[in-house]
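Analysis of the macromolecular model
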Amino acid sequence: MNSLTHGGSEGARRFPDGFVWGVGTSSYQIEGAVDTDGRGASIWDVFTHTPGKVNRGDTGDLACNSYNRLEDDVRLLSELGVGAYRFSVSWPRVLPSGGGPVNQAGLDYYRRLVEALNEKGITPVATVYHWDLPQALEDRGGWANRDSAKLLGELALVLAEGLGDQVPMWITINEPLQTVQQGYITGTHAPGRRDLGLASAAIHHIMLGHGYALQALRAQLPNAVIGPTMDPQPFHALDEESKPAADALDAEFNRVYMDPVFQGRYPSDLRSDLQPPEALIEDGDMELISAPIDFFGLNYYRPHYVRSGDWADLRIGETPIPGHPGAVQYLPPDLARTVMGWPIVPEGMRDLLIRLHNESGGLPIYITENGCAADDYLTPEGTIDDYERIDFIHGHLDAALQAIDAGVNVGGYFHWSLMDNFEWAEGYRRRFGLHYVEFASGRRIPKRSARFYRQVALSGELPASVALPPAAADTAAAVDRADAEEPEIPEAPAAV
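Residues numbered from 1 in each chain as written. Predicted model: local features only at pLDDT ≥ 70, side-chain atom pairs only at ≥ 80, totals over all residues. Heavy atoms only, no water.

Moving on: the confidence of the model for the chain. Residues of the chain with pLDDT of at least 70 account for 93%, and the chain-wide mean is 94. Counting contacts from residues 475-488, a segment whose pLDDT is below 50, to residues more than four positions away or on other chains yields 33 contacts. For residues 490-496, every residue scores under 50 in pLDDT, and the model assigns this stretch 17 contacts once sequence neighbours within four places are set aside. (pLDDT = per-residue confidence, 0-100. Contact = heavy atoms within 4.5 Å.)

The structure is reproduced here in structure tokens:
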């Protein structure tokens, strides 16, 4: 029995006092209003309007129209019972050219948002950078240009001055791995590059951007709580022969972003074509990146499994790992998967929390994203019966409690997401929200998972189990074979 079990309903386990319950969103995924009130273009505006880049040609032009539905969405949050809301700032809405003159109308929007949240007793948690780089900066080289890092610090300063008295908690950057991996290596996200030379430069500059943003926020807001958010991808070797490949992937996907923050250096065993060139690393850069942070934000969705295998004779669930002959990524067929094809492994989050606790020296860790996509639909009775999401949440909150029992300082949990939204290259076909969105009308409808999460957030207790109807229990454990193929670890393009 978990050591935190006491009080409340039979067998329920209580989270520590002060544990933060929240939900998250990001600007491009929900705001819409892309050409309203002086907002500039972002790389995602350009990318989504490029034919073939996004499922069905979807764009974030309207998204959830949250820019024009601010009061409605704050009311959703209040009714959900959460104590915190993680949102991100649209960089081109505040600084249309990436730097220079402030677009006051854009800054005022976020001022209205944080004031409305505080009036409802909901703590604003602001993410400075969540992928929507101004296109004006992309035209100058994007994250391969050092200026982007410096200008992220300028954005952070503008936000600190304009919102800092209302926002006690700040996230500098969100998932630098995805910015580099999908933006500069595979080309599946904006800006759609496939160039290892650009990628290696982008690694250093986005980490330097974290450093500049941290410096600006710290100078202006000495009492604020500040840290980065990352999405470490666990790679588990299933046999001794595949361990070198798993370790190499850990360096490429995880340690290249975490080590600079925790240790002030890039991993020495990182593949040479991704190692940030020494010529780009100026005096003081690594000290800036590794300056003390107040917490580490963890986004967790799934692990990966690696084993030895014959590329010429692949077995079910195996895909080759480029650059590692004789090693394959393996998806065990008995693991339940979401409709994204991601295996559902709550204990992977527990293990990551313990790893991060050890590598960070015991920093507070906030689970800043965790959730699942499901094939949600509105029933004739007007309900959205997302029992598989309830099961997913319950399993991962149980894993968080296990980590707390192991001594990890887990400060809070932010479910992804408040509502269905624009899911990047997947467009609108993937629904992650606690609230169902009818995108044509903008109507928000709470799902069964919203009611479950509200109960947990208000009570601070996790029920011993969740009762799922038989058909729903089968769905929660099912694998969508038609749509749930294991994503490959993509082969990187040649350096240019």
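This paragraph deals with the packing of helix α8 (residues 176-185) against helix α9 (residues 196-220). Contact geometry for α8 and α9: axes closest at 9 Å, N-to-C directions at 160°. Regarding the angle of α8 to α9, the classification is roughly antiparallel. Relative to α9, α8 is oriented so that their crossing is right-handed. In contact with Pro176, Thr179, Val180, Tyr184 and Ile185 of α8, α9 contributes Leu196, Leu198, Ala199, Ala202, Ile203, Ile206 and Met207. (Axes fitted to C-alpha atoms, helices over the stretch in contact; angles between N-to-C directions. Helix = DSSP H or I, 4+ residues; strand = E, 2+ residues; numbered from the N terminus. Parallel < 35°, antiparallel > 145°, perpendicular 65-115°, else oblique. Left-handed = near helix turned anticlockwise from the far one by under 90°.)

Our focus in this paragraph is the packing of aromatic side chains. Considering all chains together, one arrives at 29 aromatic pairs under this definition. Consider the rings of Tyr413 and Tyr453, whose centres lie 6.1 Å apart with planes at 55°: the pair is tilted. Of this pair, Tyr413 sits in strand β13 (residues 410-416) while Tyr453 sits in helix α14 (residues 448-459), and the two are 40 residues apart along the sequence. In this structure Tyr413 comes out as buried when scored by relative accessible area, which is 0%. In this structure an aromatic cluster arises from ring pairing among Tyr28, Trp44, Phe47, Trp131, Phe422, Trp424, Tyr428 and Phe439. (Phe/Tyr/Trp six-rings, centres within 6.5 Å; stacked < 30°, edge-to-face > 60°. Buried < 20%, exposed > 50% of the residue type's maximum accessible area, 1.4 Å probe, protein only.)

Attention now goes to the sheet that holds strand β11 (residues 327-330). The strand order across the open sheet formed by four strands is β7-β9-β11-β10, and the pairing between neighbours is mixed. Either end of the sheet is taken by a strand with one partner, and the two such strands are β7 (235-237) and β10 (318-320). Looking at each pair of strands side by side, their axes are set apart by 35° on average, direction ignored. Sitting on the sheet, helix α10 (residues 243-263) touches β7, β9 (304-308) and β11, and the angle it makes with β7 is about 170°. (Pairing = 2+ DSSP bridges.)

Each regular strand displays side chains that alternate between the two surfaces of the sheet. Of all the five residues making up strand β12 (residues 365-369), five are buried; the element is thus mostly covered by neighbouring parts of the structure. In this structure, strand β8 (residues 296-299) lies alongside β12, joined through four bridges in parallel fashion. Each bridged residue has a counterpart across the sheet, and for Gly297 the counterpart in β12 is Tyr366. Bridge count for β12 against β13 is three bridges, and the pairing is parallel. Bridging from a neighbouring strand, Ile365 pairs with Val410 of β13.

Next up on the list: α8. Counting buried residues in α8 gives nine out of ten residues, a clear majority hidden from the surface. Taken as a whole, α8 has its buried residues at Pro176, Leu177, Gln178, Thr179, Val180, Gln181, Gly183, Tyr184 and Ile185. Lining the buried residues of α8 we find β4 (123-129), α6 (135-138), β5 (169-174), α9, β6 (225-230) and α10. Looking one or two residues beyond α8, the residue adopting positive phi is Gly187, at roughly 75°.

With parallel pairing, eight strands are arranged side by side around a closed barrel as β2-β3-β4-β5-β6-β8-β12-β13. The mean inter-strand angle of the sheet, taken between neighbouring strand axes irrespective of direction, is 25°. Pairing between β4 and β5: four bridges, direction parallel. Pairing of Val125 across the sheet is with Met169, part of β5. Running at roughly 150° to strand β2 (residues 20-24), α14 makes contact with β2 and β13 of the sheet.

Next up on the list: the side chain of Asp58. For Asp58, the location among the structural elements is in the loop between α2 (43-48) and α3 (70-80). Engagement of the side chain of Asp58 in a polar contact is seen with the side chain of Arg56, the distance being 3.3 Å. Within polar-contact distance, the side chain of Asp58 engages the backbone nitrogen of Tyr428 at 2.9 Å. Excluding residues that lie within four positions of it along the chain, Asp58 makes contacts with Thr48, Phe422, Gly427 and Tyr428. (Polar contact = N/O pair within 3.5 Å; in protein donor to acceptor, adjacent residues only side chain to side chain.)

It is worth spelling out the nonpolar core at this point. Across soluble globular proteins, nonpolar side chains have a tendency to be buried as a group. Counting 134 residues, the largest nonpolar core has Tyr85, Trp91, Tyr129 and Trp170 as its most contacted members. At twelve residues, the largest contribution of residues to this core is made by α9. Ignoring anything within four residues of it in the chain, the contact list for Tyr85 reads Val23, Thr25, Ile30, Leu77, Leu113, Leu117, Ile122, Thr123, Pro124, Val125, Phe414 and Leu418. (Core = buried A, V, L, I, M, F, W, Y, C linked by side-chain atoms within 4.5 Å.)

The alternating pattern of β11 places Ala327 and Gln329 on one face and Val328 and Tyr330 on the opposite face, and all of these are buried. Alignment of β9 against β11, held across three bridges, turns out to be antiparallel. For Ser308, the partnering residue across the bridge sits in β11 and is Ala327. Taken together, the three bridges between β10 and β11 define a ladder with antiparallel strand orientation.

So, on to the environment of Glu138. Position of Glu138 relative to the elements: it lies in helix α6. Along the primary structure Glu138 and Val158 are separated by 20 residues, whereas in three dimensions their C-alpha atoms are 20 Å apart. The contacts of Glu138, once residues within four sequence positions are left out, are Ile43, Leu133, Tyr184, Pro191 and Arg193.

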